[in-house]
Amino acid sequence: MGQDKGLMSWHGKEQRYHMVDLLSEFCDEVYISCREEQVNEIKDFPTLTDKFDVKGPAAGILTALHQDANCAWLVVACDLPLLDAAAIQYLIDNRDAGKVATTYKSPHDGLPEPLITIWEPNSKDALLSFVEQGYSCPRKALINSDTSIIVPKDEEALINANTPEEAERVRSIIDKRLNLA
């Protein structure tokens with residue numbers, strides 16, 4: 001994208017703060033996951049600073065699971081500007097606490113979406129095992145573990161904005177929704 005996706009403004013504020021507001025409807029505590037050098041940029045919100053020497057989102061997920069190993073963690077990426085309360089509620093309603101995680105099937109490629117997932121306490125060992133084998137992608141852990149994968153009701157809610165073209169598509173969808181309201 002060429003810029004920090006958490007700083008993009010889709011809904012009148014930086015996306016990371018929009019996600020905090022959205023997740024606060026469902027979670028007692030909400031944290032912004034970040035690298036050490038990002039901590040001072042985040043104002044007035046609790047952070048979880050990566051404690052694992054792993055590239056990418058696995059570091060944040062492992063840090064959360066390490067922070068409180070007895071609770072499930074709802075992990076949501078900041079590059080999902082169309083994610084809404086209905087999609088989060090649907091994930092929660094379909095949670096299978098007996099699995100390693102509950103996640104959505106990506107409408108883009110059919111694979112599990114590791115960054116809109118409820119990671120159960122027992123997922124830490126599975127994810128750590130893959131990281132120790134050299135796989136930093138949490139998707140690999142979901143694919144190769146006992147994961148509950150659900151189909152989204154609204155596929156648009158899971159659209160990522162990782163490129164300028166995807167950002168333009170998302171902006172178009174948001175504008176269309178605003179014009180219909």
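Above this text sits the structure in question.
Trainee: Which residues make up the layout of surface pockets, and what values do they have?
Mentor: Volume-wise, the second largest pocket comes out at about 150 Å³. If you go around the second largest pocket, the residues you meet are Trp10, His11, His18, Leu22, Pro81, Leu82, Leu83, Asp84, Ile174, Arg177 and Leu178. Going through the elements one at a time, α1 (15–24) and α6 (164–180) are the ones with two or more residues in the lining of the second largest pocket. Ranked by the residues each element gives to the lining of the second largest pocket, the list is headed by α6, at three residues. Across the lining of the second largest pocket, the residue classes tally to seven nonpolar, two polar and two charged.

Trainee: So, the packing of aromatic side chains: which residues are in play, and what are the values?
Mentor: Enumeration over the complete set of coordinates arrives at four aromatic pairs. Both rings, one in Tyr17 and one in Phe45, keep their centres 4.8 Å apart while their planes meet at 25 degrees; by these two values the pair is stacked. Taken as a pair, Tyr17 in helix α1 and Phe45 in the loop between β1 (32–34) and β2 (47–49) lie far apart in primary sequence, 28 residues in all. Judged by its relative accessible area of 13%, Tyr17 is buried.

Trainee: Residues and numbers for the environment of Thr47, please.
Mentor: Take Thr47: it is sitting in strand β2. Considered as a pair, Thr47 and Ile32 are 15 residues apart in the sequence and their alpha carbons are 4.6 Å apart.

Trainee: So what's going on with the sheet that holds strand β4 (residues 101–105)? Residues and values would help.
Mentor: Taking strand neighbours across the sheet as the criterion, the four strands line up as β3-β5-β4-β6 in an open arrangement whose pairing is mixed. Every interior strand has two partners, whereas the edge strands, β3 (73–76) and β6 (147–150), have only one. Each adjacent strand pair in this sheet contributes to an overall mean axis angle of 30 degrees, direction not counted. The sheet contact formed by β4 and strand β5 (residues 112–119) spans four bridges and is antiparallel. What sits directly across from Ala101, in β5, is Trp119.

Trainee: Now, about the pairing of β3: what can you tell me, with residues and values included?
Mentor: With burial as the criterion, each face of β3 is covered, one bearing Trp73 and Val75 and the other bearing Leu74 and Val76. For β3 and β5, the ladder comprises four bridges, and the chain directions are antiparallel. When the sheet's bridge partners are listed, Leu74 is paired in β5 with Ile118.

Procedures and definitions
- Every chain's residues receive numbers from 1 upward, in the order its sequence appears when written.
- Whole-chain, interface and lining totals are the exception, using all residues; otherwise, since this is a predicted model, local features are given only for residues with pLDDT of at least 70 and side-chain atom pairs are given and counted only at 80 or more.
- Hydrogens and water are ignored here; the side-chain numbers use all heavy atoms of the structure.
- Cavities and pockets are found on a 1 Å grid laid over the protein atoms alone: a cavity is a set of points where a 1.4 Å probe fits but cannot escape, a pocket is an open set with protein on both sides within 12 Å along at least five of seven lines, and a lining residue has an atom within 4 Å of such a point.
- Grid points are joined across faces, edges and corners, and a volume is the space filled by probe spheres set on the points.
- Here a strand is any run of E in DSSP of at least two residues, a helix any run of H or I of at least four, and the numbering for each starts at the N terminus.
- Three classes are used: nonpolar for Ala, Val, Leu, Ile, Met, Phe, Trp, Tyr, Cys and Pro, charged for Asp, Glu, Lys and Arg, and polar for all others, with Gly counted as polar.
- Put simply, two rings from Phe, Tyr or Trp (the six-membered ring, in Trp's case) pair if the centres are within 6.5 Å, and we call them stacked under 30 degrees between planes, edge-to-face over 60, tilted for the rest.
- The cut-offs for exposure are 20% and 50% of the maximum accessible area for each residue type, with area from a 1.4 Å probe on protein chains only; residues under the lower value are buried, those over the upper are exposed, and the others partly exposed.
- Any two strands with at least two DSSP-identified bridges between them are counted as paired.
- As a rule, the C-alpha atoms of each element are fitted with a line to give its axis, helices using only the stretch in contact, and angles between N-to-C directions run from 0 to 180 degrees.

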